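Structural description and commentary
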Amino acid sequence: MTFKRTLVTTALPYANGPVHIGHLAGVYVPADIYVRYLRLKGEDVMFVGGSDEHGVPITIRARREGVTPQDVVDRYHKLIKDSFAEFGISFDVYSRTTSKTHAKMASDFFRTLYDKGEFIEKTSEQYYDPEAKTFLADRYIVGECPHCHSQGAYGDQCEKCGTSLSPTELINPQSAISGSKPIMKPTTHWYLPLDKHEGWLREWILEQHKEWRSNVYGQCKSWLDLGLQPRAVSRDLDWGIPVPVEGAEGKVLYVWFDAPIGYISNTKELCEQQPERFGQWQTWWKDQSTRLIHFIGKDNIVFHCIVFPAMLKAEGSYILPDNVPSNEFLNLEGDKISTSRNWAVWLHEYLRDFPDKQDVLRYVLTANAPETKDNDFTWRDFQARNNNELVAIYGNFVNRALVLTKKYFEGKVPACGQLTDYDRQTMAEFADVKTKVEQYLNNFRFRDAQKEAMNLARIGNKYLADTEPWKLAKTDMARVATILNLSLQIAANTAIAFEPFLPFSSKKLRAMLNMDSFSWNDLGRIDILPANRELGEVQLLFEKIDDAEIDKQMQRLADIKEQNKLNAYKPAEIKAPTTIDDFDKMDIRVGRVLECQKVPKADKLLQFKIDDGMGGRTILSGIAQSYPEPEKLVGMQVLFIANFPPRTLRGIESQGMIFSAVDADGKLVLVQPSREVRNGVQVG
RNA sequence: CGCGGAGUAGAGCAGUGGUAGCUCGUCAGGCUCAUAACCUGAAGGUCAGUGGUUCGAUCCCGCUCUCCGCAACCA
């Protein structure tokens, strides 16, 4: 099958938060590289993206913030769209599932399937929150686990004992939204009978698409082998696209039905805006000569390989995806990225903190892309790749070639003379770079493809080191001319090879080389730059990133970790019951701090001299780490136990114990009376 | 025993039934045109553990351990 055009879609980011490096590494950067590559080759390609704006979590966020769901999605759609644009993700269209076009498209799609009898209808009893007036998804019901009897188990799983649950098993179920007691209520939903589609899905994926990545293929095989079940495509919710069926008031399309249709709606929207360039939307979705590629993350495999294809097939007139390149996940500094825990590098913040460094992040995310397994992003690695690879190898090579040309040939491309064997050998080393990069990209191996581009710069550095034009300049300028001509040709090649990966830097480099026009097909050639061409102004292609900038980012993450620890704090369990008699045995008193200093050679101990109204006493307390300036405690009134037997610590006798509260972060905080009292009075 | 993916030098990652590779880091040397950049060389690994198939296993198979995903948010 030869294809005439390629339609590339990217998973629709959920408009419930900003986009982070995990989204970029998993989906948007590889997709953008692929699309830019196809465009460079002059192929007919469309790049579709958009925000996914329906679903329960958005309604919950809206409720929590006291705004409408539309307010929430408006905010994040704009933030996401703007940051993608600034980052150079070259969507042809970036629309949203709350658009009018989409509402009609999704509604019509559902109706077509409904009319064809492709759905089954089922009524079941589900938990309903009478206060919030909404049916509850499993996860939004909490209660006591029927197995381990711990509190706070979710409707789908108890996190204490790990048991999978169904909401009806929970003891004393509560709505996580309002806290009220949910009631059982019958509700009718439409299901897509995936089991009906199992036969052709099996043939289509397992036989015809053995070339899909092993993670994708394996996951599909697993689902198919387990047997597919009917899947609900509607929900009881007031936020979404209404189910276009009589008597279905208060029901909307399930986001997983609605969202992938967004790819189609957004295509239609684009075609209506630019018909002269993109033609009819149906060409992109219904013509067998169109190749459909979905870029997604691994959590989306089943929807894009099984559910959505089943929907398309059930409708009848659509093509199916040709490939679904799915990446694994990117971790951040060893921990999984999490929106709710704010453990992420957010794109909009990166763009703010590292202006004009889009390519650095693009490079790092591609070099370390989680193509076969989960990978880790660290700021130290980010810095190292910038400083040691982009700056030292690529930027430096370009700079060397250009500076030498300025110096010896007034910034004009010198003529190429007689080639030596070594010249020819060097040329041979990158003659096939085009084939290699293309092979890798055609197989969605972006990491290897980018590495191949970087090899050009390595070859250039080695060529300069081996030929040493700065030495020859004293004796043989003709030879220097040839060397620099070839070096500049290598630089021009590098600009083209990096174009899909690092578009901002390639543009900059092309300006320096005065390459106003260029073609992907020039890649591998050594006569891209004609002799005597005037070069542009020399500037640094990349700049070093110093430790201070990286430290700032790492500090930010450390602060978030600390904050999460505080947020996760729960009061300790109440101790075993005791009596007033036990309490009465304690002689608790108030005293004033007269002196306070650190005990030498002890990390935690502070030595207090306390005015107890009876001549004073010495007390040691292990709170030094919470009070780095102990002298500031002098004058403060504190609580202490007066009738403990003396105890010697570090050679000093401690006559009692001072009261401190242990804060959520582990810091110790001295307890004091709310107003001045007489030293030595009792507490009870 | 739920199902998939993954576990390989200090770090991050490739890879293959026959001598284990890349980038960075480290160490040594060279060069000095270049953003203290570049080039050359070296050290560094019981390829998670364990049992099996095989002339030979890091690769194939069995079991064990660990991490990630499939289940609310989430690429």
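In what follows, the structure referred to is the one given above.
All of these numbers come straight from a predicted model, not from anything done at the bench. (Residues numbered from 1 in each chain as written. Chains lettered and ligands numbered in written order. Predicted model: local features only at pLDDT ≥ 70, side-chain atom pairs only at ≥ 80, totals over all residues. Heavy atoms only, no water.)

Below, the discussion takes up the sheet that holds strand 10 (residues 231-232). Overall, antiparallel pairing links the 4 strands, which are arranged 5-4-9-10 in an open sheet. Among the strands making up the open sheet, the edge pair consists of strand 5 (134-135) and strand 10. (Pairing = 2+ DSSP bridges. Helix = DSSP H or I, 4+ residues; strand = E, 2+ residues; numbered from the N terminus.)

A few words on the protein's contact with RNA strand B. Tyr14, Ser222, Gly297, Asp299 and Thr372 are the nearest of the 59 residues found near RNA strand B. Restricting the count to atoms of RNA strand B within 4 Å of the protein gives a sugar and phosphate share of 75%. Here a phosphate oxygen of RNA strand B sits 3.2 Å away from a polar atom, N or O, in the side chain of Lys373. One of the side-chain nitrogen or oxygen atoms of Glu389 is found 2.8 Å away from a sugar or linking oxygen of RNA strand B. Contributing elements (two or more residues each) for the surface near RNA strand B: helix 1 (21-40), helix 6 (214-226), strand 13 (290-297), strand 17 (375-377), helix 13 (379-409), helix 16 (446-467) and helix 17 (469-472). Looking at the surface near RNA strand B, the element that brings in the most residues is helix 13, giving 13 residues. Across the surface near RNA strand B, the residue classes tally to 18 nonpolar, 22 polar and 19 charged. (Near = heavy atom within 4 Å. Polar contact = N/O pair within 3.5 Å; in protein donor to acceptor, adjacent residues only side chain to side chain. Nonpolar A, V, L, I, M, F, W, Y, C, P; charged D, E, K, R; others polar.)

Strand pairing in a sheet is mediated by backbone hydrogen bonds. Such pairs are either parallel or antiparallel. With parallel pairing, 5 strands are arranged side by side in an open sheet as 3-2-1-13-14. The outermost strands of the open sheet, each flanked by one partner alone, are strand 3 (93-96) and strand 14 (326-327). Sheet topology places strand 1 (residues 5-10) next to strand 2 (residues 44-51); 5 bridges connect them, and they run parallel. Bridge pairing in strand 2 links Val8 to Phe47.

Before going further, it helps to examine the side chain of Glu118. Mapped onto the elements of the fold, Glu118 is located in the loop between helix 4 (100-115) and strand 4 (120-129). Accessibility expressed as a relative area gives 11% for Glu118, which makes it buried. Setting aside residues no more than four positions away along its own chain, Glu118 makes contact with Leu113, Tyr191, Leu192, Pro193, Lys196, His197 and Ala314. (Buried < 20%, exposed > 50% of the residue type's maximum accessible area, 1.4 Å probe, protein only. Contact = heavy atoms within 4.5 Å.)

Moving on, we come to the nonpolar core. In terms of nonpolar packing, the biggest core is built from 170 residues, with Phe377, Phe382 and Tyr394 touching the most fellow members. Apart from the residues within four sequence positions on either side, Phe382 is in contact with Tyr350, Phe354, Val360, Leu361, Val364, Phe377, Ile545 and Ile550. Formed by 15 residues, the second largest nonpolar core is a distinct cluster that contains Leu606, Ala624, Phe640 and Ala642. (Core = buried A, V, L, I, M, F, W, Y, C linked by side-chain atoms within 4.5 Å.)

Moving on, we get to the packing of helix 14 (residues 421-431) against helix 18 (residues 477-498). Where helix 14 meets helix 18, the axes come as close as 12 Å, and the angle between the chain directions of the two elements is 0°. Relative to helix 18, helix 14 is oriented roughly parallel. Residues Asp423, Thr426, Met427 and Phe430 of helix 14 lie in contact with helix 18, whose contacting residues are Arg479, Thr482, Leu486, Ile490 and Asn493. Looking at the contact of helix 14 with helix 18 residue by residue, the classes come out as 4 nonpolar, 3 polar and 2 charged. (Axes fitted to C-alpha atoms, helices over the stretch in contact; angles between N-to-C directions. Parallel < 35°, antiparallel > 145°, perpendicular 65-115°, else oblique.)

With that out of the way, let us pick up the pattern of salt bridges. Side chains that differ in charge, positive against negative, can pair when their charged atoms come close. For the coordinates displayed, the defined rule picks out 44 salt bridges. The closest approach of N and O atoms between Lys357 and Glu543, which form a salt bridge, is 3.9 Å. Of the two residues, Lys357 is situated in the loop between helix 11 (347-353) and helix 12 (358-367) and Glu543 in the loop between helix 19 (503-513) and helix 20 (547-567); the sequence distance between them amounts to 186 residues. Judged by relative accessible area, which is 13%, Lys357 ranks as buried. (Salt bridge = Lys/Arg side-chain N within 4 Å of Asp/Glu carboxyl O.)

Looking now at the packing of helix 5 (residues 194-207) against helix 10 (residues 301-315). Relative to each other, helix 5 and helix 10 sit at 105°, their axes nearing to 10 Å. The orientation of helix 5 with respect to helix 10, classified from their angle, is roughly perpendicular. In this structure, helix 5 contributes Leu194, His197, Trp200, Leu201, Trp204 and Ile205 to the contact, and helix 10 contributes Cys305, Ile306, Val307, Pro309, Ala310, Lys313 and Ala314. Residue composition of the contact of helix 5 with helix 10, by class: 11 nonpolar, 1 polar and 1 charged.

Let's shift gears to the packing of aromatic side chains. Scanning all chains against the criterion turns up 38 aromatic pairs. Between Trp256 and Phe303, the ring centres sit 3.9 Å apart and the planes meet at 5°, which makes this aromatic pair stacked. In this pair, Trp256 is assigned in helix 7 (residues 255-273) and Phe303 in helix 10, connecting sequence segments 47 residues apart. Assessed through its relative accessible area of 23%, Trp256 is described here as partly exposed. We classify Phe303 as buried; its relative accessible area is 10%. For the pair Trp285 and Tyr318, a centre-to-centre distance of 6.2 Å together with 70° between the ring planes defines the contact as edge-to-face. One end of the pair, Trp285, is in helix 9 (residues 281-286); the other, Tyr318, is in the loop between helix 10 and strand 14, with 33 residues separating them in the sequence. Exposure remark for Trp285: the relative accessible area of 0% places this residue in the buried category. Overall, Tyr318 belongs to the buried group, its relative accessible area being 9%. (Phe/Tyr/Trp six-rings, centres within 6.5 Å; stacked < 30°, edge-to-face > 60°.)

Let us look at the environment of Asp381. Mapped onto the secondary structure, Asp381 falls in helix 13. Sequence spacing of Asp381 and Asn368 is 13 residues, and the spatial spacing of their C-alpha atoms is 9.4 Å. In contact with Asp381, other than residues within four places in its own chain, are Val364 and Asn368.

On to the environment of Glu499, then. In this fold, Glu499 is placed in the loop between helix 18 and helix 19. Assessed through its relative accessible area of 10%, Glu499 is described here as buried. Residues Glu499 and Ala453 lie 46 residues apart in sequence; the distance between their C-alpha atoms is 9.6 Å. Ignoring any residue separated from it by four or fewer positions in sequence, one finds Glu499 in contact with Arg36, Leu40, Ser506, Arg510 and Phe518.

Where strand 4 lies against strand 9 (residues 183-192), 9 bridges are found, and the strand directions are antiparallel. Counted as the bridge partner of Gln126 is Lys185 from strand 9. Taken together, the 2 bridges between strand 4 and strand 5 define a ladder with antiparallel strand orientation. Within the sheet, the bridge partner assigned to Asp129 lies in strand 5 and is Thr134. Where strand 4 hands over to strand 5, the hairpin turn is made up of 4 residues, of which Lys133 adopts a positive phi near 55°.

A grouping of Met586, Phe644 and Met657 is seen on the molecular surface, where their side chains present a nonpolar patch of about 250 Å² in accessible area. Tracing the backbone shows Met586 in the loop between helix 21 (580-585) and strand 18 (588-598). Judged by relative accessible area, Met586 falls into the partly exposed class, the value being 37%. (Patch = residues over 30% accessible without salt bridge, like charges linked within 9 Å, V, L, I, M, F, W, Y side chains within 5 Å. Areas by Shrake-Rupley, 256 points an atom, 1.4 Å probe, with all protein chains shown as cover.)

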